[in-house]
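# Commentary on secondary and tertiary structure
So you can see what is in the structure, the chains are spelled out below.
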Amino acid sequence: MVFAENKSSEADAELLKAVKILDEAFSNRDKETIRKMTDPRHISISPAYQFFNQEDQLKALPELKLSLFKTGKITIIHTTPRSALITYEANIEGTFEGKQLAKHVQIVECWIKRKGNWIEVSYQETPLP
């Protein structure tokens, strides 16, 4: 059974707060917050990198340098009461391993609620023109 978009603004506010905290943790290269807010099997794919677990991503974190991460309108789709897909466009400025990141991307994040906390299990960026 798939649930249509949940109208619970309280649940959405809690999830959006978690998204903001995790985005800031990546910008600040805060490994402990990232470890706490992502699944050990976290998958992260972008044009600049691919990680298939949390530990590999954390090892490479010093190579990520962000100077801008500006998001557009965020859409939340609750696939179950404890899981959600988040989609949005973003403008990014920064580098990974010294190479420029894609500047304009579509992002899809998959989150699950585990033990009362929202945890990101996957993140994907697709370049846009």
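These figures come from a predicted structure and were not determined experimentally. (Residues numbered from 1 in each chain as written. Predicted model: local features only at pLDDT ≥ 70, side-chain atom pairs only at ≥ 80, totals over all residues. Heavy atoms only, no water.)

### Details of the overall build of the protein
Looking only at helices and strands, the protein features three helices and eight strands. Against the compact-globule benchmark of 14 Å for 129 residues, the protein has a radius of gyration of 14 Å, which places it among compact chains. Principal-axis analysis of the C-alpha atoms places the extent of the protein at approximately 45 × 30 × 20 Å. The 129 residues of the protein split such that 35% are buried. Considering only residue pairs separated by 6 or more positions, the protein has 51% of its internal contacts joining residues 24 or more positions apart. Carbon and sulfur atoms make up 55% of the accessible area of the protein, which amounts to about 7,600 Å² in all. The centroid of the 18 positive side-chain charges in the protein is displaced by 2 Å from the centroid of its 18 negative side-chain charges. (Helix = DSSP H or I, 4+ residues; strand = E, 2+ residues; numbered from the N terminus. Rg over C-alpha atoms; globule rule 2.2 N^0.38 Å. Buried < 20%, exposed > 50% of the residue type's maximum accessible area, 1.4 Å probe, protein only. Contact = heavy atoms within 4.5 Å. Areas by Shrake-Rupley, 256 points an atom, 1.4 Å probe, with all protein chains shown as cover. Lys, Arg positive; Asp, Glu negative; His and termini not counted. Charge placed at Lys NZ, Arg CZ, Asp CG, Glu CD.)

### A word on the environment of Ile119
Residue position: Ile119 is located in strand S8 (residues 117-127). By relative accessible area, which is 8% here, Ile119 ends up buried. Taking the C-alpha atoms as reference points, Ile119 and Leu101, separated by 18 residues in sequence, lie 25 Å from one another. When neighbours within four sequence positions are excluded, Ile119 is seen to be in contact with Lys36, Met37, Thr38, Asp39, Cys110, Trp111, Ile112 and Arg114.

### Considerations on helix H1 (residues 9-28)
Across its 20 residues, H1 extends 28 Å between first and last C-alpha, which sits within 8% of the 28 Å expected from 1.5 Å per residue. Directly beyond the C-terminal end of H1, a positive phi value near 55 degrees is found at Arg29. (Expected span 1.5 Å × (residues − 1).)

### Focus on unusual backbone geometry
Phi at Arg29 is positive, roughly 55 degrees, even though this residue is not glycine. Counting through the fold element by element, Arg29 comes out in the loop between H1 and helix H2 (31-37).

### Quick look at the pattern of salt bridges
Inspection of the entire model under this criterion finds five salt bridges. With a closest N to O distance of 3.2 Å, Asp39 and Arg41 form a salt bridge. When its relative accessible area of 4% is taken as the criterion, Asp39 is described as buried. Note that Asp39 and Arg114 form a salt bridge whose closest N and O atoms lie 2.9 Å from each other. With Asp39 in strand S1 (residues 38-45) and Arg114 in strand S7 (residues 104-114), this pair connects stretches of sequence that are 75 residues apart. Three or more residues are tied together by salt bridges with common partners; here these are Glu32, Arg35 and Glu55. (Salt bridge = Lys/Arg side-chain N within 4 Å of Asp/Glu carboxyl O.)

Worth remembering: the numbers are spatial, not functional.
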